[in-house]
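Working through the structure, step by step
So you can see what is in the structure, the chains are spelled out below.
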Amino acid sequence: MNRRTLLGAAAGALALPALRPAAAQPLDRPVRIVVPFAPGGTSDILARLLAPALTQSFGQNVVVENRTGAGGNIGADLVAKSAPDGHTLLLIDVSTLATAPSLYTRLPFDLKRDLAPVTMLIYAPYILAVHPSVPARNAAELVAYAKANPTRVNVGHAGIGVGNHLTGLLLTQHWGADLTQVPYRGGAAALTAVAAGEAQMLINGATATAPFCKQGTLRPIAVTGPARLADFPDVPTFAELGWPAAQSGTWQGVLAQGGTPAPMVNRLATDLRAAMAVPATAERITALGAVNKVEGPDSFRAWLDAEIEVWAGVVRANNIRLD
């Protein structure tokens, strides 16, 4: 992702119409949005895109802080142990967060108790892409090549147990190809590594991956989600190919500390909904291949509870456990 383009988009959002006041809950100092992955990934892109509108509606500076490591758990733990006052928020791929309870033997926080869902933000499908050196230009050729040359195709991903890692495991098992899965410190690092030829394939959010494909540094092979992407009309969906995990992808959401009072959670949800509706922001999100999925705290919690159960089954089936 071109950081200058992103920063320009974020700066453009500073010229915003006045946002509707939210419930009268005080925010009396700067607000931190903790992104538990490296700069340049989907969560980071979205946080920096929303920060100008939130600064205006909160009446306080909004600072995006990257706290990487442990598949997002270091940043999540920071928020889980913060003051329950709405001034420290977690913006994360929540499908990845949902794997944590079943994946880690010693998770430093209780997901259901210590983090409070505020709102879902977006869904972005995954793009399966390969380095141009891979001699496969479509799905059938990639499967055949991977099965015949498993040692020549390493799969980069954003960290052990995160959503794109588990999707990659399901997919390569379906292919019957025993490929090496290579973890990196977030999706941006995985993108950089595959674009440089360190690994040969990755499955990653369209928001961050599409620019690499447009530049020709990666070759798109297939996408998850309900439909083909407008920017890549010739690239089929997993569903069309009969592949598993057809609806997987990156689901970005915001959570606060688990003890945050309901009025504050509702105030935050209201301001985030307004920020997502700013025309320049909404257009940018669509251009990045994502879909607005804003919903209230209760719906978000129900979705998260269900997702925890789904991924627990995948983790058990693959016997993946981390300390």
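A quick note: this is a predicted structure, and the numbers were derived from the prediction, not measured. What you see as residue numbers is a count from 1 along each chain, following the sequence as written. It should be noted that, the model being predicted, local features are given only for residues of pLDDT at least 70 and side-chain atom pairs only at 80 or more, the latter also being counted only at that level, while totals for whole chains, interfaces and linings use all residues. In computing side-chain properties, one takes all heavy atoms of the structure into account and sets aside hydrogens as well as water.

Strands here mean DSSP runs of E at least two residues long; helices mean DSSP runs of H or I at least four residues long; both are numbered from the N terminus. Its location among the elements puts Ala189 in helix H9 (residues 187-195). Exposure remark for Ala189: the relative accessible area of 27% places this residue in the partly exposed category. Each C-alpha atom, one on Ala189 and one on Pro26, is 37 Å from the other, the two residues being 163 residues apart in sequence. Summary of the burial criterion: residues with accessible area below 20% of their type's maximum are buried, those above 50% are exposed, and those between are partly exposed, where the area comes from a 1.4 Å probe applied to protein chains only.

Another aspect to go through is the pattern of salt bridges. One speaks of a salt bridge when a side-chain nitrogen belonging to Lys or Arg is within 4 Å of a carboxyl oxygen belonging to Asp or Glu. Taken as a whole and assessed by the stated rule, the structure comprises ten salt bridges. Salt-bridge contacts for Lys81 lead to Asp77; the nearest nitrogen and oxygen are separated by 2.4 Å. With a shortest N-O distance of 2.8 Å, Arg113 and Asp114 are connected by a salt bridge. With a relative accessible area of 58%, Arg113 lands in the exposed category.

This brings us to the packing of helix H2 (residues 42-58) against helix H13 (residues 279-287). Closest axis-to-axis distance for the H2/H13 pair is 10 Å, and the angle between their directions is 165°. By the angle class used here, H2 and H13 are roughly antiparallel. Judged by the twist between their axes, the crossing of H2 over H13 is right-handed. For the pair H2 and H13, the contacting residues are Leu46, Leu49 and Leu50 in the first and Thr281, Arg284 and Ile285 in the second. Gly falls in the polar group here, along with every residue not listed as nonpolar (Ala, Val, Leu, Ile, Met, Phe, Trp, Tyr, Cys, Pro) or charged (Asp, Glu, Lys, Arg). Residue classes in the contact of H2 with H13 are distributed as four nonpolar, one polar and one charged. Simply put, an axis is a line fit to the C-alpha atoms, just over the touching stretch for a helix, and the angle between two N-to-C directions goes from 0 to 180 degrees. Note on angle classes: values under 35 degrees are labelled roughly parallel, values over 145 roughly antiparallel, values of 65 to 115 roughly perpendicular, and the remainder oblique. When the near helix sits turned anticlockwise from the far one by under a right angle, the crossing is termed left-handed; a clockwise turn instead gives a right-handed crossing. Any pair of residues with heavy atoms lying within 4.5 Å of one another is described as a contacting pair.

What follows is about the packing of aromatic side chains. Aromatic rings considered in pairs are described by the distance between their centres and by the relative angle of their planes. In this scheme Phe, Tyr and Trp rings, the latter by its six-membered ring, pair at centre separations within 6.5 Å, and the angle between planes marks the pair as stacked below 30 degrees, edge-to-face above 60, and tilted otherwise. Using the criterion set out here, one finds four aromatic pairs in the structure. For the ring pair Trp251 and Trp303, a centre distance of 5.3 Å and an interplane angle of 45° mean the geometry is tilted. Pair noted here: Trp251 is in strand E9 (residues 249-257) and Trp303 is in helix H14 (residues 297-318), with a separation of 52 residues, a long-range link. Across this residue pair, the class does not change: Trp251 and Trp303 are buried. Three or more aromatic residues joined by ring pairs make a cluster, and in this case those are Tyr123, Trp251 and Trp303.

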